[in-house]
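The chain contents come next:
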Amino acid sequence: MCLLMGQGNSGGWRFEGGATNQQYEKMAALSSEFGDLVQIKKQLISVISLCKERGLVHSVKWASELAFALKPLPMSELPPPPPLTKEDVEDLDALGLAKSYFDLKEYDRAAYFLRACRSKKAYFLYMYSRYLSGEKKKDDETVDSLGPLEKGQVRNEALRELRVELSKKHHAGELDGFTLYLYGVVLRKLDLLKEAVDVFVEATHALPLHWGAWLELCNLITNIEMLKSLSLPDCWIRDFFLAHMYTELQMIKEALQKYQSLIEAGFSKSTYIISQIAVAYHNIRDIDQALSLFNELREQDPYRIENMDTFSNLLYVRGMKPELSYLAHNLVEIDKYRVETCCVIGNYYSLRSQHEKAALYFQRALKLNPRCLGAWTLMGHEYMEMKNTSAAIQAYRHAIEVNKRDYRAWYGLGQTYEILKMHFYCLYYYRRAHQLRPNDSRMLVALGECYEKLSQLVEAKKCYWRAYSVGDVERMALLKLAKLHEQLNESDEAAHCYIIYIQDIFSCGELLEHVEVSTALRYLGQYYFKNKRYDEASLCAQRCCDYNDAREEGKALLRQISQVRDQGEASSADVSLPCVFGSLSNNNTPVRRVSPLDLSSVTP
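Q: Would you explain helix α19 (residues 339-351) in this entry?
A: Because each turn of an α-helix spans 3.6 residues, side chains separated by three or four positions end up pointing in the same direction. Relative to the 18 Å expected for 13 residues at 1.5 Å per residue, α19 spans 19 Å between its end C-alpha atoms, a close match to the ideal helical length. For α19, the buried fraction is high: 13 of the 13 residues fall into the buried class. Remark: S353 follows α19 within two positions and exhibits a positive phi of approximately 60°.

Q: Got a minute to help me understand the side chain of S229 in this structure?
A: Positionally, S229 belongs in helix α12 (residues 224-229). On the basis of relative accessibility, which here comes to 8%, the residue S229 falls in the buried class. For S229, the side chain forms a polar contact with the main-chain oxygen of M226, separated by 2.7 Å.

Q: Sorry, what's going on with the pattern of salt bridges here?
A: Pairing is possible between side chains of opposite charge, provided their charged atoms come close. A full pass over the atoms with the stated rule returns 30 salt bridges. Of the charged contacts, one joins R437 and D440 as a salt bridge, the two residues approaching to 3.2 Å between their closest N and O atoms.

Q: Explain a nonpolar patch on the surface here, please?
A: Residues L97, Y112 and F113 make up a contiguous nonpolar surface patch of roughly 270 Å² in combined accessible area. Along the polypeptide, Y112 turns up in helix α6 (residues 107-114). Classification of Y112 by relative accessible area gives partly exposed; the value is 47%.

Q: Looking at this structure, I do not really get unusual backbone geometry. What am I missing?
A: Generally, phi is negative for residues other than glycine and the peptide bonds are trans, each holding for most cases. Phi angles above zero are rare outside glycine, and K105 is one such case at about 65°. For K105, a relative accessible area of 55% translates into the label exposed. The backbone phi angle of R285 is positive, close to 60°, even though this residue is not glycine. Mapped onto the fold, R285 is located in the loop between α15 (271-283) and α16 (287-300). A relative accessible area of 36% means that R285 is categorised as partly exposed.

Q: How should I be thinking about the environment of L180 in this particular structure?
A: In this structure, L180 sits in helix α9 (residues 177-189). Look at L180 and you get buried, because its relative accessible area is 2%. Setting aside residues up to four positions removed in sequence, L180 forms contacts with H170, L175, V199, E202, A203 and A206.

Q: Would you take a moment to explain the packing of aromatic side chains for this structure?
A: When we look at a pair of aromatic rings, we describe it by the centre distance and by the angle of the planes. Enumeration over the complete set of coordinates arrives at 30 aromatic pairs. Ring centres of W62 and F240 lie 5.7 Å apart, and the angle between their planes is 90°; on these two criteria the pair is classed as edge-to-face. Separated by 178 residues along the polypeptide, W62 in helix α3 (residues 57-69) and F240 in helix α13 (residues 237-248) bring together distant segments of the chain. Like W62, the residue F240 is buried in the burial classification. Taken together, W62, W211, W236, F240, F267 and Y272 form an aromatic cluster joined through their ring pairs. One residue, R115, lies across the ring of Y112, its end atom 4.0 Å from the ring centre.

Q: Please explain the nonpolar core as it appears in this structure.
A: One broad rule of soluble globular proteins: the nonpolar side chains tend to lie buried together. Among the nonpolar cores identified, the biggest contains 196 residues, and Y131, L217, L227, W236, F240 and F241 are the most heavily contacted of them. Of all the elements, helix α28 (residues 491-507) adds the most residues to this core, at 10 residues. Residues contacting L217, with those up to four places away along its chain left out, are V197, F200, V201, L230, L232 and F241.

Q: Sorry if this is basic, but what is going on with the confidence of the model for the chain here?
A: In low-pLDDT regions, the fine details of the predicted coordinates are not to be read closely. The share of residues in the chain with pLDDT of 70 or more is 85%, and the mean pLDDT across the chain is 85. Every residue in residues 5-26 scores below 50 in pLDDT, and together they form 37 contacts with partners more than four places removed in sequence or on other chains. Confidence over residues 582-604 falls short of pLDDT 50; this stretch has 45 contacts with residues more than four positions distant or in other chains.

Q: Would you mind going over the environment of K121 with me for this structure?
A: Among the secondary structure elements, K121 is positioned in helix α7 (residues 120-145). For K121, a relative accessible area of 15% gives the class buried. Once the C-alpha coordinates of K121 and L50 are considered, the two residues, 71 residues apart in sequence, prove to be 9.2 Å apart. In contact with K121, not counting residues within four places along its chain, are E53, R54, D88 and L95.

Cut-offs applied
Every chain begins its residue count from 1, and numbering advances along the sequence as written. With pLDDT at 70 or above as the cut-off, local features in this predicted model cover only qualifying residues; side-chain atom pairs require 80 or more to be listed or tallied, and sums for whole chains, interfaces and linings still use all residues. Water and hydrogen atoms play no part in the side-chain values, which are based on all heavy atoms of the structure. Strands are runs of DSSP state E lasting at least 2 residues, helices are runs of H or I lasting at least 4, and numbering of each runs from the N terminus. In this scheme, a helix's expected span is set at 1.5 Å multiplied by one less than its residue total. Burial classification: accessible surface area is computed with a 1.4 Å probe over protein chains only, and a residue below 20% of its type maximum counts as buried, one above 50% as exposed, and the rest as partly exposed. In protein, a polar contact means a hydrogen-donor-capable atom and an acceptor-capable atom, both N or O and within 3.5 Å, with residues adjacent in sequence counting only if both atoms are side-chain atoms; elsewhere, any N or O pair within 3.5 Å suffices. Each salt bridge in this description consists of a side-chain nitrogen of Lys or Arg and a carboxyl oxygen of Asp or Glu lying within 4 Å of one another. Think of a patch as exposed residues, more than 30% relative accessible area, with no salt bridge, where like charges cluster within 9 Å and nonpolar side chains (Val, Leu, Ile, Met, Phe, Trp, Tyr) cluster within 5 Å. The accessible surface values rely on the Shrake-Rupley method and a 1.4 Å probe; as for residues, cover is taken only from the protein chains in view. Any two residues having at least one pair of non-hydrogen atoms within 4.5 Å are treated as being in contact. Between rings of Phe, Tyr and Trp, where Trp is taken as its six-membered ring, a pair exists when centres lie within 6.5 Å; planes separated by under 30 degrees are stacked, by over 60 edge-to-face, and by other angles tilted. For a lysine, the NZ atom is tested; for an arginine, the CZ atom; a charge sits over a ring if that atom is within 6 Å of the ring centre and within 35 degrees of the ring normal. Among the buried residues, those of types Ala, Val, Leu, Ile, Met, Phe, Trp, Tyr and Cys that are joined through side-chain atoms within 4.5 Å form a nonpolar core. pLDDT: the predictor's confidence for each residue, scored from 0 to 100.

Okay, here's the thing in structure tokens:
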């Protein structure tokens, strides 16, 4: 069983060499501790009490939500309160007084009355009060003096002093799991990220059940290799951390498998897990599944505000104005000064094309929380809509500062520099977005367009074909590839791409209203005519007559075919030429042909 207060692992939190396959398989399997849910419930109740005493409200909320999802314990099974030390008893009155001031956010006052205390609990609250006091002063000064897009130079002045004091205690081995967590936060705020990772891993060993330390560690892990190189405690909470980490790293399949295992292990009623699965589906653009889960979540927890900004993103993408309006009004009634509420209202105004109002609400969200990733990204989108590229670039850069794994910010920067016709910058940012989302066709199509503008046509072809291979969301990759072949006078390859495109459109049963289908039919009609395949050319021409923009060309081609046939010229019997028209004539799903380019395994 993982201990509530674990032992420090001497050197175990340092980076190790490359992880083996056995390590990866171990990461995929659930901890054996899930067999005893009663013991897990006891541990959650104990850690809730410990975190409450120290004012760690977010960790309290997380543990409480998990505990609520498990069966209640009988009175005889409830864990006893932790024993008091001599120092705890001596500091009891001062700690009670200081905690009352702390709860009222009078942090300097709380720290003053704790300055002479000796217990570990009092020492943590003393240092934490000083840290929060510095953060509060920094935020107040930022709101008073700077606009949300200006580069904030305001820093928490207490950080350096806290680091010096905590460093001395750390070297002496006098920090417990909570104070190690605070030391890690201070190091992260000072941009000492390598040291922060080491300290957070040490904190998870010293106190495995403190979710705050795991969450801070999550924000510093940049890739799967780094995750596998860390020596983490073997505890049931590690599985929640890995599931969260997989979602952050866009490893959605692995994340969903892990969350499904946690549900089967006994956490089926956990609203936290439902929300995380909904976010995972949002990340892979499975909008129907994500909307269904968010609606289920709202039924179970109707006053929940957390993750509702993500829900509003889905409603925005679907153009569901009434539902988004209802959500915005509902959240305003619950708490109008929450970051998520401001983001939802911003999305509502954006959907109504009121971009100035939308940007205003995203700015309000950032005044409430300058590290709100979604608000920075969405504000960048609004500035793009308003053609304010310089402000958009600043907003996207702020988003990347908050989280370098946010592909939307990298993609937004690429789009902005594309508008400015700075194609080498654009290429760099699209590459970064593609690295974060290697199977997202939008990134690959954007890369292909960028390569095309830089006259790197071989790379452009690879990107377009790869975009089609991974599942082209917008159904544009094959068209762009065909047009590229067309420009290069590679008629056979262009015809193949147009044929596959039409096959896909018909096999999906989509309405052929957009102009690109007529473009494909027009090209194929001429292609078959030149190759004396008059039956196929005739069918293409007839299909062209269904579209206003291609009708005249279709009629002209039919007249040409009629003239040729009147002269007695027969159709070619060349079977090497591609044919698509089984699907066009009888609506059967065609067999997809092999591309003439062997690029399906190439990633730019």
